[in-house]
Amino acid sequence: RELKSPRAVSKQEAPMVKPAKEASKVSMMPWKGWVDRLMKEKMDPKTYKGVKDFFYFWPEDPHNLQQAPYPDTRITISADGKETAAFREVAPGSQPAVDVPRDDLDADPYDSKYFTRD
């Protein structure tokens, strides 16, 4: 059976549970951004923008200053706002096979000596 929402499964039921087809759209961290939500709720838009521009390092950053964006982040790339792009991981099946070295464990793969007898 398929999971309706993410949850912990026991070792016994793990082989019988199919994973969900897509990640949850509900935040697993509902507390994230609570200060921003509180300021937006309590201040008028002009004051909120001024406070945000003053205290935030880069207030309009679409990735919220994360180096790698969240999987569901969509960025507007067109001037009219209709075209968006999303971050996508490369499918593991499309990656080349791992190159496992066949040397002995004592062999130094970084041995770059030209004259080994000196």
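Our structure is the block above this text.
Along each chain, numbering runs from 1 in the same order as the chain's sequence is written. The model is predicted, so local features are restricted to residues of pLDDT at least 70 and side-chain atom pairs to those at 80 or more, both for listing and for counting; the totals for chains, interfaces and linings are taken over all residues. Side-chain calculation: all heavy atoms of the structure are included, whereas hydrogens and water are not.

1. Description of the overall build of the protein
Worth spelling out the cut-off: Under the DSSP-based scheme used, a helix requires at least four consecutive residues in state H or I and a strand at least two consecutive residues in state E, with every element numbered from the N terminus. Burial classes: relative accessible area under 20% of the type maximum marks a residue as buried, over 50% as exposed, and values in between as partly exposed (1.4 Å probe, protein chains only). Whether two residues are in contact is decided by their heavy atoms: any pair within 4.5 Å suffices. Under the convention used here, a 1.4 Å probe and the Shrake-Rupley method define accessible areas, while residue burial counts only the protein chains that appear.
If you tally the helices and strands in the protein, you get two helices and two strands. From first element to last, N terminus to C terminus, the protein shows the α and β order α-α-β-β. Counting only residues that meet the buried cut, the protein has 11% of its 118 residues in that class. Looking at the protein alone, contacts between residues at least 24 apart form 5% of all its contacts between residues at least 6 apart. Surface accessibility of the protein: about 11700 Å² in total, with carbon and sulfur atoms responsible for 58%.

2. Here we look at the packing of aromatic side chains
What describes a pair of aromatic rings is the distance from one ring centre to the other and the angle between the planes of the rings. Basically, it comes down to this: Pairing of aromatic rings covers Phe, Tyr and Trp, the last through its six-membered ring, and needs centres within 6.5 Å; plane angles under 30 degrees mean stacked, over 60 mean edge-to-face, and all others mean tilted.
Counted according to the given criterion, the structure contains one aromatic pair. Ring geometry for Phe54 versus Phe55: centroids 4.9 Å apart, planes at 90 degrees, classification edge-to-face. There is no split in this pair, since Phe54 and Phe55 are both exposed.

3. Describing the pattern of salt bridges
Let me state the cut-off plainly: Definition used for salt bridges: Asp or Glu carboxyl oxygen within 4 Å of a side-chain nitrogen of Lys or Arg.
The final tally for this structure, using the stated rule, is two salt bridges. A salt bridge links Lys42 to Glu41; the nearest nitrogen and oxygen atoms lie 3.9 Å apart. By relative accessible area, which is 63% here, Lys42 ends up exposed. Under the relative-accessibility criterion, Glu41 is labelled exposed at 60%.

4. Notes on the packing of helix α1 (residues 34–42) against helix α2 (residues 45–55)
Our working rule: To get an axis, fit a line to the C-alpha atoms, keeping to the stretch in contact for a helix; angles then go from 0 to 180 degrees between the N-to-C directions. To sort the angles, those under 35 degrees are grouped as roughly parallel, those over 145 as roughly antiparallel, those from 65 to 115 as roughly perpendicular, and the leftovers as oblique. Crossings are sorted by hand: turned counterclockwise from the far helix by less than a right angle, the near helix makes the crossing left-handed, and turned clockwise it makes it right-handed.
Across the interface, α1 lies against α2 with an axial gap of 8 Å and an inter-helix angle of 150 degrees. By the angle between their axes, α1 is roughly antiparallel relative to α2. At the point where α1 passes α2, the crossing takes the right-handed sense. In this structure, α1 uses Asp36, Met39 and Lys40 to contact α2, whose residues at the interface are Tyr48, Val51 and Lys52.

5. Quick notes on the environment of Pro59
Its location among the elements puts Pro59 in the loop between α2 and β1 (74–76). It is 9.0 Å that separates the C-alpha atoms of Pro59 and Lys49, two residues lying ten residues apart in sequence. Setting aside anything within four residues of it in sequence, one finds Pro59 in contact with Lys52 and Asp53.

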